[in-house]
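Take a look at the letters that make up each chain.
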2 protein chains.
Amino acid sequence: MPTSGHPSFSFKVLGANSATPIPGRFSSSFVLQYNQQLMLIDCGEGAQIKMSEFKVRRSKLNHIFISHLHGDHIFGLPGLFSSLSLNGRVEPITIYGPIGLRLFLETMRDVTDGRAGHEIIIHELDGQATHNLGSINGLSVSAFPLKHRVPTLGYRFDEEPRPLGISTEALAKYKITIEEIKLIKDGMPIKREGQTIPIANVTKKPLPLRSFAYCSDTAYDPLIIPHISGVDLLYHEATYLHELADKARERLHSTSLEAAMIARDASANELIIGHYSGRYKDLSVMTEEARTVFSKTQLAVEGAEFEIG
Amino acid sequence: MPTSGHPSFSFKVLGANSATPIPGRFSSSFVLQYNQQLMLIDCGEGAQIKMSEFKVRRSKLNHIFISHLHGDHIFGLPGLFSSLSLNGRVEPITIYGPIGLRLFLETMRDVTDGRAGHEIIIHELDGQATHNLGSINGLSVSAFPLKHRVPTLGYRFDEEPRPLGISTEALAKYKITIEEIKLIKDGMPIKREGQTIPIANVTKKPLPLRSFAYCSDTAYDPLIIPHISGVDLLYHEATYLHELADKARERLHSTSLEAAMIARDASANELIIGHYSGRYKDLSVMTEEARTVFSKTQLAVEGAEFEIG
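Residues numbered from 1 in each chain as written. Chains lettered and ligands numbered in written order. Predicted model: local features only at pLDDT ≥ 70, side-chain atom pairs only at ≥ 80, totals over all residues.

When helices and strands are tallied, chain A shows 11 helices and 16 strands. Considering only C-alpha atoms, chain A reaches an extent of 70 × 50 × 35 Å along its principal axes. Here chain A holds 309 residues, and the buried ones make up 46% of them. Counting contacts in chain A only where the partners sit at least 6 residues apart, residues at least 24 apart contribute 64% of the total. (Helix = DSSP H or I, 4+ residues; strand = E, 2+ residues; numbered from the N terminus. Buried ≥ 20, exposed ≤ 12 C-beta atoms within 10 Å, placed from the backbone. Contact = placed C-beta atoms within 7 Å.)

Written out as structure tokens, the structure reads:
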């Protein structure tokens, strides 16, 4: 449920199939929107086509987060960057991902005679470490290792504390002065002759801070729980049903049941599953299985947008 | 018009937009089919998705021809090769294209931990020279330089002469012996006491040999005419209407009118135009312009398949 007064915060699916894209089920690619700023998480082949189809405003895209360097998570990048340049973009774009991302992007650019009119700021991250990426678009962003065949990072996005809002009723009731407003904004109580007005009496009730985490691709791994604990919305891969748990373990993927166990044990509020194997034509079996453990589970399907918090 | 008895020979459009793919208008990618064998010509982003959508049998794909190393002609290759491997392909695949193709493909493979289960035979070609690529799937294939910002090759595919077919009526009429059949197959006349039976009397009328040429991307360039002369079907790019001839010249592209002039002057039988600028929403203006010069012009639209000859 969105809380009125919050900046908008949502997670949109461009594609959520594993490995091989097919019509209607493109490879992993997602748009995280916070306060009208857009961030791309993974960029499978055809991501730019889905952005056009779902009217995602590329001018608002300023950061990209790549989980790992398997093709179904990055083969949309060269085309996206090429199109941004052809469309005259001049604003820089920042991209995070495991080591090798720079070679990938720079080879693409050089081989194809690409001349970006905008700067691409590449941050290569050690895929086996945790990283505090600082404040991005008003979100505090961190990265943490997942358990996959190649170095892979999960990402967590936490809304940052906002300045305290002053209650208009309190302004009148206490006859607050301009000097006192400054104090309140700094979180200080107001002290008058023999009287202290507690900060809570003159400010609006702060809205809860919201959070989102993205975990794909990964084997079932309880070690990630501290990194994603208490998030409002968790995206966790669910490549197989649990009857294929052995295959999931062997290929370092998760089952739908395992994704639900992680969501439950991390005290997430809601779970979105995705990265389905192409063998599942009717995906409702995936949510049915997950909901036996974690009822608030939904499917990532193309074009779906989930409000966070 | 197909002639009965010919092997099937067709050209199918997977995508024919220029530069930036959009829903319904993907970047350049085409399937040439001869006698049930498939060849891909260019491979823009999403080509593999269109192959699924149009039920192109990947098991029959054995050769790929790349015109040049701009992204809208090659960004579908990494995903296609990745999917072929994931689907267990073991048969080799051969790819031709300008120098730089190997670096592109090998970097893609190495960065993404790709392990092809099948051999990829890469032939890098000098983009400024002509090449006889020999016999491929029963077609004699050649490459020739186009006029573009980077080294770019056009390709021509000529049906090879087939063995002469013996007329069943002639077998009976002339009481042809097994020895004489051998002579006929070698194209020799039959000599009997005082009598020579001309080869034409004992063989079926040979079917005409068909041909196809692909020219994209290229500025208007009459120097290509000797390479494409007399083809049954010509694909020639037409990025702009002729009112933008200056822009076409500057960017080394062609106008619809120029494509038609090339088709006319090369004595092609039919013309397919494509590689349209995204500015044209209604593409019928492109054919209208071309038909003022060359009436047998058609639009390359996704999913369309044109019989050759």
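Still more to cover.
What follows concerns the relation of the copies chain B and chain A. Once chain B has been moved 0.0 Å along the axis and rotated by 180°, it coincides with chain A to within an RMSD of 0.1 Å. Classification of the inter-copy transformation places it as that of a two-fold axis. Proximity to the rotation axis, assessed at the C-alpha, singles out Gly46(B) in chain B; its C-alpha lies 2.8 Å from the axis. Residue by residue, 100% of the interface of chain B is reproduced at the interface of chain A, so both copies engage with the same surface. (Least-squares fit on C-alpha atoms with pLDDT ≥ 70 in both.)

What follows concerns the sheet that holds strand 6 (residues 120–125) of chain B. All names here are of chain B. Read across the sheet, seven strands follow the order 6-5-4-3-2-1-16 without closing on themselves; strand pairing throughout is mixed. Two strands bound the open sheet, and with one partner strand each, they are strand 6 and strand 16 (305–307). Ignoring strand direction, the axes of neighbouring strands in this sheet form an average angle of 20°. By the bridge criterion, six bridges tie strand 2 (residues 29–34) to strand 3 (residues 37–43) in an arrangement that is antiparallel. Its bridge partner lying in strand 3, Tyr34 is registered against Gln37. With respect to the sheet, helix 4 (residues 101–111) is in contact with strand 5 (93–98) and strand 6, its orientation differing from that of strand 6 by roughly 150°. (Pairing = 2+ DSSP bridges. Axes fitted to C-alpha atoms, helices over the stretch in contact; angles between N-to-C directions.)

Moving on to the interface of chain B and chain A. Taken together, the 30 residues of chain B in the interface contact 30 residues of chain A. Here the residues of the side of chain B that touches chain A sort into 13 nonpolar, 13 polar and four charged. (Nonpolar A, V, L, I, M, F, W, Y, C, P; charged D, E, K, R; others polar.)

As a further point, take the nonpolar core. The biggest cluster of nonpolar side chains holds 152 residues, and the ones touching the most others in it are Leu234(A), Leu271(A), Leu234(B) and Leu271(B). With residues up to four places along the chain from it excluded, the contact list for Leu234(A) reads Ala213(A), Ile228(A), Ala263(A), Ala266(A), Ala268(A) and Leu271(A). (Core = buried A, V, L, I, M, F, W, Y, C linked by C-beta atoms within 7 Å.)

Residues and elements named next belong to chain A. Of all six residues that make up strand 2 (residues 29–34), six are buried, and the element is covered over most of its length. Neither face of strand 2 is left uncovered, since the one carrying Ser29, Val31 and Gln33 and the one carrying Phe30, Leu32 and Tyr34 both have all their residues buried. Direction of pairing for strand 1 (residues 9–15) relative to strand 2: antiparallel, over a ladder of six bridges. Each bridged residue has a counterpart across the sheet, and for Ser10 the counterpart in strand 2 is Gln33.

All names here are of chain A. Of the positions making up helix 11 (residues 284–291), those classed as buried are Met286, Glu289 and Ala290. Taken down its axis, helix 11 places every buried residue within 95° of arc, on the same side. Away from its buried face, by an angle of more than 90 degrees, helix 11 presents the exposed residues Ser284 and Glu288. Next to the buried residues of helix 11 lie helix 10 (256–265), strand 14 (270–274) and strand 15 (297–299). (Arc of directions from axis to C-beta.)

So, about the sheet that holds strand 4 (residues 61–65) of chain A. All names here are of chain A. Pairing in this open sheet of seven strands is mixed, and the strands run 6-5-4-3-2-1-16 from one edge to the other. Every interior strand has two partners, whereas the edge strands, strand 6 (120–125) and strand 16 (305–307), have only one. The average undirected angle you get between the axes of adjacent strands in this sheet is 20°. Relative to the sheet, helix 4 (residues 101–111) contacts strand 5 (93–98) and strand 6, its axis offset from that of strand 6 by approximately 150°.

Attention shifts here to the packing of helix 4 of chain A against helix 4 of chain B. Running from N to C, helix 4 of chain A and helix 4 of chain B point in directions that differ by 170°, and their axes come no closer than 10 Å. With respect to their mutual orientation, helix 4 of chain A and helix 4 of chain B come out roughly antiparallel. As for how helix 4 of chain A packs across helix 4 of chain B, the hand of that crossing is left-handed. When helix 4 of chain A is examined against helix 4 of chain B, the residues Leu103(A), Phe104(A), Thr107(A) and Val111(A) are found in contact with a partner set consisting of Leu103(B), Phe104(B), Thr107(B) and Val111(B). Looking at the contact of helix 4 of chain A with helix 4 of chain B residue by residue, the class counts come to six nonpolar, two polar and no charged. (Parallel < 35°, antiparallel > 145°, perpendicular 65-115°, else oblique. Left-handed = near helix turned anticlockwise from the far one by under 90°.)

Moving on to the environment of Leu133(A). Residues and elements named next belong to chain A. Its location among the elements puts Leu133 in strand 7 (residues 131–136). C-alpha separation for the pair Leu133 and Phe157, spaced 24 residues apart in sequence, amounts to 9.9 Å. Each residue touching Leu133, except ones within four places of it in the same chain, is listed here: Tyr96, Val141, Ser142 and Ala143.

With that settled, consider the domain arrangement of chain A. Taken domain by domain, chain A consists of domain 1 (9–162 + 207–307) and domain 2 (168–202). Taking the mean C-alpha position of each, domain 1 of chain A and domain 2 of chain A sit 44 Å from one another. (Domains from an automatic or database assignment.)

Our next topic: the environment of Tyr174(B). Residues and elements named next belong to chain B. You can see Tyr174 is positioned in helix 5 (residues 168–174). With 16 C-beta atoms packed within 10 Å, Tyr174 lands in the partly exposed category. On a C-alpha basis, the gap between Tyr174 and Ser29 in space is 52 Å, while along the polypeptide they are 145 residues apart. Not counting residues up to four positions away in its chain, the partners in contact with Tyr174 are Ile197 and Val202.

Residues and elements named next belong to chain B. In terms of burial, strand 12 (residues 211–215) is largely enclosed, as five of its five residues are buried. In strand 12, alternate side chains face the same way, and those of Ser211, Ala213 and Cys215 on one face and Phe212 and Tyr214 on the other are all buried. Of the pairings in the sheet, the one linking strand 9 (residues 153–159) to strand 12 comprises four bridges and is antiparallel in character. Across the sheet, Phe157 pairs through a bridge with Phe212, a residue of strand 12. In this structure, strand 12 lies alongside strand 13 (residues 233–237), joined through four bridges in parallel fashion. By the bridge assignment, Tyr214 is partnered in strand 13 with Tyr235.

With that out of the way, let us pick up helix 4 of chain A. Of the residues making up helix 4 of chain A, those classed as buried are Leu101(A), Phe104(A), Leu105(A), Met108(A) and Val111(A). Taken around the axis of helix 4 of chain A, the buried residues stretch over an arc of 145°, which confines them to a single face. Where helix 4 of chain A is buried, its residues touch helix 2 (71–74), helix 3 (77–86), strand 5 and strand 6 of chain A together with helix 4 of chain B. Looking one or two places after helix 4 of chain A, you find Asp113(A), whose phi comes out positive at around 60°.

We now examine unusual backbone geometry. Residue and element names in this part refer to chain A. Following Ser216, the chain continues to Asp217 via a peptide bond in cis, the omega torsion being 0°. Looking at the element boundaries, Asp217 is found in the loop between strand 12 (211–215) and helix 8 (225–228). Its identity is not glycine, yet Leu252 carries a phi of approximately 55°, on the positive side. Secondary-structure assignment places Leu252 in the loop between helix 9 (245–251) and helix 10.

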